[in-house]
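Fold and contact review
One-letter residues, chain by chain:
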Amino acid sequence: QFLELCTPLTEEHPEVVPFLSGRHQKATPEFLSSAELRNVLSRCLARVRARPNKVYVYINELCTLLKAHTLRRKLVPLPVPAAAAASPSPSPPVSTTTTTVSSTTTSTTPPGGSKRQIRYLENLLRVYTGEIRRLQERELDLAQLDDEDSPYLQESRLKRRMMRIFKKLCQLKRCSSLTGRVIEQRIPYRGTRYPEVNRRIERFINRPEVFPDYTDILKVIQKASTRHSLGLARRQMENMAQDAFREVGNRLQERRHLDLVYNFGSHLTDQYRPG
């Protein structure tokens, strides 16, 4: 349906529709039968009908999505002909200087991505952002609660995929992946008069996805006492662990609560004002 709609609109550039069709044929079978593709196609159909002058924008959006789910084929080395193998043509000797220079250049090339790679991933993020906004606007009924392809689960999968794309984009741009969220802010700890214990507790509580309990804090204090020969008594370490656990737990809960307050909701509630 989408190709039939786009064909008369792209007569000035007849190569566009075959290119889109080729992208579709190269996509993985799993993606071609997914609800995500059906949703994107239905949205692109509606947009082209409403704004036919923007047809190339929506074709590009669909091509970007199909390219992200293209089958990866391994290159098979071609067999060497028998005649060529029996009498190989003389090849000029490779200069050791050239080899050394090329290997040095390869090893010293800083990691990063080309402008084309970065532009492609940024475009893919825009496509997924639009799809997530559209999924958030759909109504959920009780029959969809057990559906593996419900809009809510599709949105969750797309967000996880966007996070992977975002981290890859940060690697290509050679920049930090920190977004400034409250949950990423480091929590300092100065609760005891032993700097060695404070440093170990602070390092432990700032690990990703960590919410320690009393036993975890006690083990950290015991290791610090043994490692730095502090000579702390067991009763003293237990009291320190109780105080640290209460303080650390309260600060971690407060950080999670603030992060939820700042990031909860969707674009549908951005303009809401209680008054």
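Residues numbered from 1 in each chain as written. Predicted model: local features only at pLDDT ≥ 70, side-chain atom pairs only at ≥ 80, totals over all residues. Heavy atoms only, no water.

Named according to an unreviewed UniProt entry, the protein chain is Death domain-associated protein 6 originating from Jacana jacana. What UniProt records for the protein chain under Sequence similarities (unreviewed entry) is the sentence "Belongs to the DAXX family." (UniProt positions renumbered as here; feature names shortened; annotations may be inferred.)

**Focus on the overall build of the protein chain**
Counting its secondary structure elements, the protein chain contains 12 helices and 0 strands. Secondary structure of the protein chain in N-to-C order comes out as α-α-α-α-α-α-α-α-α-α-α-α. Here the protein chain holds 275 residues, and the buried ones make up 32% of them. Considering only contacts in the protein chain between residues 6 or more positions apart, those separated by 24 or more positions represent 68%. Here the protein chain displays about 19600 Å² of accessible surface, and carbon together with sulfur accounts for 55% of that area. (Helix = DSSP H or I, 4+ residues; strand = E, 2+ residues; numbered from the N terminus. Buried < 20%, exposed > 50% of the residue type's maximum accessible area, 1.4 Å probe, protein only. Contact = heavy atoms within 4.5 Å. Areas by Shrake-Rupley, 256 points an atom, 1.4 Å probe, with all protein chains shown as cover.)

**Some details on the packing of aromatic side chains**
Counting across every chain of the model gives 0 aromatic pairs. Over the ring of Tyr120 we find Lys67, and its NZ or CZ is 5.0 Å from the ring centre. (Phe/Tyr/Trp six-rings, centres within 6.5 Å; stacked < 30°, edge-to-face > 60°. Lys NZ or Arg CZ within 6 Å of the ring centre and 35° of its normal.)

**What about the environment of Gln242?**
The topology assignment puts Gln242 in helix H12 (residues 234-263). On the basis of relative accessibility, which here comes to 33%, the residue Gln242 falls in the partly exposed class. Between the C-alpha atom of Gln242 and that of Tyr214, which follows or precedes it by 28 residues, the distance is 6.6 Å.

**Quick look at the pattern of salt bridges**
This model, assessed by the stated rule, comprises 13 salt bridges. The salt bridge involving Glu131 is made with Arg43; its shortest N-O contact spans 3.2 Å. Here Glu131, found in helix H8 (residues 115-136), pairs with Arg43, found in helix H4 (residues 35-50); they are 88 residues apart in sequence, far enough to count as distant. Residue Glu131 is classed as buried on the basis of its relative accessible area of 1%. With its nearest N and O atoms 2.7 Å apart, the salt bridge here joins Glu202 to Arg190. Of this pair, Glu202 sits in helix H10 (residues 195-205) while Arg190 is found in the loop between helix H9 (151-173) and H10, placing the two residues 12 residues apart along the sequence. The class of Glu202 is buried, set by a relative accessible area of 14%. Within this structure, Arg43, Glu61, Glu131 and Arg134 form a network of salt bridges that share partners. (Salt bridge = Lys/Arg side-chain N within 4 Å of Asp/Glu carboxyl O.)

**Re the nonpolar core**
Phe2, Leu20, Ile59, Leu62, Leu65, Leu66 and Tyr128 are the most contacted members of the largest nonpolar core, which has 32 residues in total. Looking at this core, the elements with two or more residues in it are helix H1 (2-6), helix H2 (16-26), H4, helix H5 (55-68), H8 and H9. Here the element with the most residues in this core is H8; it accounts for 8 residues. Counting contributing residues, this core receives three or more from each of domain 1 (1-69) and domain 2 (115-173). (Core = buried A, V, L, I, M, F, W, Y, C linked by side-chain atoms within 4.5 Å. Domains from an automatic or database assignment.)

**Quick word on the packing of H2 against H5**
For the pair H2 and H5, the least separation of the axes is 9 Å and the interaxial angle reads 25°. Between H2 and H5, the interaxial angle falls into the category roughly parallel. Crossing handedness for the pair H2 and H5: left-handed. Taken together, the residues of H5 that come into contact with H2 (itself represented by Val16, Phe19, Leu20, Arg23 and His24) are Tyr56, Ile59, Leu62, Cys63, Leu66 and Lys67. For the contact of H2 with H5, the class distribution of residues is 8 nonpolar, 1 polar and 2 charged. (Axes fitted to C-alpha atoms, helices over the stretch in contact; angles between N-to-C directions. Parallel < 35°, antiparallel > 145°, perpendicular 65-115°, else oblique. Left-handed = near helix turned anticlockwise from the far one by under 90°. Nonpolar A, V, L, I, M, F, W, Y, C, P; charged D, E, K, R; others polar.)

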